[in-house]
Amino acid sequence: MPNEYPATSVQGKGDQAFSALLEEKSGGKIKIAHHFGGALGFKSKDQLDAVGDGIVQVANTFIPPLGGINPVFLLSSLPFLSSNTEEARMLFDTARPTYERVLAKYNQRLLYSSPWPSSGIWGKAPLQSHEAIGNLKMRTYDANGTQVFRDVGSAPIQLSWADIVPLLSTGGIDAVLTSIESGLSSSFNDYVTYFTAINYDSTINLVTMNRDVWDDLTPELQAAVEAAAKETEDKLWANASTIIQNSYAEAERRGVTIMNEVPANFRKELQDASTPVIESWASKMGPDGREILTSYRAAIKNIQ
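Residues numbered from 1 in each chain as written. Predicted model: local features only at pLDDT ≥ 70, side-chain atom pairs only at ≥ 80, totals over all residues. Heavy atoms only, no water.

Visitor: Which residues make up the sheet that holds strand 2 (residues 108–115), and what values do they have?
Guide: Spatially, three strands are ordered 1-8-2 in an open sheet, and the strand pairing comes out antiparallel. Single-partner strands in this sheet number two, and they are strand 1 (58–62) and strand 2. Averaged over all pairs of adjacent strands, the angle between strand axes in this sheet comes to 25°, irrespective of strand direction. Each of strand 2 and strand 8 (204–210) is contacted by helix 3 (residues 85–105), which is oriented at about 145° to strand 2, the strand it contacts most. Across the face of the sheet, helix 9 (residues 219–238) comes into contact with strand 2 and strand 8 while running at roughly 20° to strand 2. (Pairing = 2+ DSSP bridges. Helix = DSSP H or I, 4+ residues; strand = E, 2+ residues; numbered from the N terminus. Axes fitted to C-alpha atoms, helices over the stretch in contact; angles between N-to-C directions. Contact = heavy atoms within 4.5 Å.)

Following this line, the structure appears as C-alpha cells:
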C-alpha cells in the first residue's frame, strides 16, 4: 500500500488505522504492507495506474494531480467551494457515485475518502494582501491553484509532495499551498515560520483497491474490507476538526505564527479569481458537474 506522504501525516496514520482494523475484521487473513513517503517510487499521479495494473493491490492517493486524467479529481480542490469539514464531507458524498464510476474505468474500487485540513499558505512572512503574494514563488498542487494564484499576480509552480522540501530549502520556492498538518509532517517550520489560514479548499485522498484483487476475495473478506473502510472513513472525517486544532497548537509550539485573520478585500480578490476556475471545471465535467454543484449547494443551504 503506497502513500506519497509520511507515516506521521494524517494520511499515514489513517492508513495504519485501516490496516489494523482490516487485519482484525478479516481474522488475520488480510495484512497490509505500508510504504510511506513515496518509498516505492510512486508519486500520487502514478498510483492510479499502479493500482489499476495490479502493481500494487491498494493505495492512498492524493487526487488533485489526477485532474488531467479526469476533471472529477479536481472537485475537492475547487477554491472556496467548501468552507469547513462538514461541507467538504457533503461535497465528497455528493460526488461519490461519480468517483466510483470513473475509478471503475481504471480497474479499481473506491474504499474510502481521507480528508486533509483546509489549505493555507506556508511562507516566510504573512501573506494577507495582493502586494504580499505578488510575484511570490509558491508551490501549488494542481491546475486549479496554479490558475487562481497566477491570476492574482503570484508565480505558482505545480509540484508533487516529494519535490517541495528540496526547493523550499534552497530558495527555489518561497511559499507552499497546503494544509497546516501536512506542512508540520514534513517540518516546513525549519524553512518558513508563517501559516496564513485562507481556507482555500479542503482536499481529499482516495484509498482504492485493484478490482481483480477485490473480485478474488471471498464474500466474507469483501465484507471485512468494506467494514474496515467505512469505520476508518467515518473516524477520519469526525476527527478532522480536532486535527486542525492540535496542528495549530503544535505549529505554535514550533515557533510558527498562525495568521487567522484574512482581510475581506483580499479574500474577495481570491474568490473572484476562483469563479472562472469553478465554471471551467463544470464545463469540462458536463452534466455531471452541474448536477454535483447544484446538489451540493442545495445540501449546504439546508444546514445553514
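Visitor: Help me get a handle on the pattern of salt bridges, residues and values and all.
Guide: On inspection of all chains with the given rule, the structure shows 18 salt bridges. Between Lys31 and Glu23 there is a salt bridge, and its shortest N-O distance comes to 3.9 Å. Accessibility expressed as a relative area gives 61% for Lys31, which makes it exposed. For Lys25, the salt bridge identified is with Glu231, shortest N-O distance 3.3 Å. Remark: Glu231 occurs in helix 9 and Lys25 occurs in helix 1 (residues 10–25); sequence separation between them is 206 residues. The class of Glu231 is partly exposed, set by a relative accessible area of 27%. The network of salt bridges with shared partners includes Arg89, Asp93, Arg96, Glu100, Lys230, Glu233 and Asp234. (Salt bridge = Lys/Arg side-chain N within 4 Å of Asp/Glu carboxyl O. Buried < 20%, exposed > 50% of the residue type's maximum accessible area, 1.4 Å probe, protein only.)

Visitor: Requested: an account of helix 11 (residues 264–285), with residues and values cited.
Guide: In a regular helix each residue adds 1.5 Å, so 22 residues correspond to 32 Å; helix 11 covers 31 Å between its end C-alpha atoms and thus fits that length. Of all the bends in helix 11, the greatest, near 25°, is centred on Ser274, and the proline Pro276 appears no more than four residues after it. Looking at the buried positions of helix 11, the neighbouring elements they touch are helix 3, helix 4 (130–133), helix 5 (143–151) and helix 12 (287–301). Looking one or two residues beyond helix 11, the residue adopting positive phi is Gly286, at roughly 75°. (Expected span 1.5 Å × (residues − 1). Bend = angle between axes of the 7 residues up to and from the residue.)

Visitor: So, the nonpolar core: which residues are in play, and what are the values?
Guide: Core analysis: the largest hydrophobic core is formed by 70 residues, its most contacted members being Leu75, Tyr99, Trp122, Phe149 and Trp281. Phe18, Val207, Trp214 and Ala229 belong to the second-largest nonpolar core, a separate cluster that totals 18 residues. (Core = buried A, V, L, I, M, F, W, Y, C linked by side-chain atoms within 4.5 Å.)

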